[in-house]
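Working through the structure, step by step
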Amino acid sequence: MNEIVNAPGLAAPVGFAHAVVAAPGRTVYLGGQTAQGPDGVIIGTTMAEQFGVAAGNVVTALAAAGATPDQLVSLVIYTTDVPGYKAALPELGSVWREHFGRHYPAVALLGVAALFDEEAVVELVGTAVIPA
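Let us look at the structure shown here. Since this is a predicted model, take the numbers as computed values, not measurements.

Right, let's talk about the pairing of strand β4 (residues 72-79) for a bit. Two faces make up the sheet, and in a regular strand the side chains alternate between them. Where burial is concerned, most of β4 is hidden: six out of the eight residues are buried. Summarising the sheet, β4 and strand β6 (residues 122-131) pair through seven bridges and their orientation is antiparallel. By the bridge assignment, T79 is partnered in β6 with V122. In this sheet, strand β5 (residues 106-111) lies alongside β4 in parallel orientation, the contact comprising six bridges.

As structure tokens, this is what we get:
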């Protein structure tokens, strides 16, 4: 399995891992997932609603590639509203656990001016490793 590493000299991670040592295996690179429904229309208006749909899309893409959420080694979260993301953290924690359980890969949050879908406020890009 992939090994979660939290460096003792760094602040304690909450909701992410400092590093992940990927086991030998097949690497899955996910395209960016927003809150798009099957019809291509963005679902939800709040950060938590859109994050939930995007996270569900990540899980669906992982499954199609033969992977599971616990095999995520890295997740980059892009948002057009960093203050809104921070304000939604209590809700986002439960949304995270609904889709990813208590597995926390290496995570980065990046504020961006815009996403491809104008209505989208969050986009998730991940990498998973399916152990050999």
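What follows covers the nonpolar core. Looking at soluble globular proteins, one finds that nonpolar side chains tend to be buried together. Counting residues in each nonpolar core, the largest one holds 24 residues, and the members touching the most others are M47, F51, L62, I77, L92 and L124. Considering every element that reaches this core, the biggest residue donor is helix α1 (residues 47-64), with seven residues. Leaving out residues up to four positions away in the same chain, F51 has contacts with I77, Y85, L92, V95, W96, V122 and L124.

To continue, consider the sheet that holds β4. What holds strands together in a sheet is hydrogen bonding between their backbones, with the strands either parallel or antiparallel. Judged by pairing direction, the sheet is mixed, and its four strands sit side by side in the order β3-β6-β4-β5 without closing on themselves. With one partner strand each, in any of the chains shown, β3 (25-29) and β5 form the two edges of the open sheet. On average, each strand axis in the sheet is tilted by 10° relative to the strand beside it, whichever way the strands run. In the packing of α1 onto the sheet, contacts are made with β4 and β6, and the angle to β6 comes to roughly 30°.

Let's shift gears to the environment of V14. For V14, the position within the fold is in the loop between β1 (3-5) and β2 (19-21). The exposure class assigned to V14 is exposed, which follows from its relative accessible area of 71%. In sequence terms V14 and V59 are 45 residues apart; their C-alpha atoms lie 21 Å from each other.

Definitions and cut-offs
Residues numbered from 1 in each chain as written. Predicted model: local features only at pLDDT ≥ 70, side-chain atom pairs only at ≥ 80, totals over all residues. Heavy atoms only, no water. Buried < 20%, exposed > 50% of the residue type's maximum accessible area, 1.4 Å probe, protein only. Helix = DSSP H or I, 4+ residues; strand = E, 2+ residues; numbered from the N terminus. Pairing = 2+ DSSP bridges. Core = buried A, V, L, I, M, F, W, Y, C linked by side-chain atoms within 4.5 Å. Contact = heavy atoms within 4.5 Å. Axes fitted to C-alpha atoms, helices over the stretch in contact; angles between N-to-C directions.

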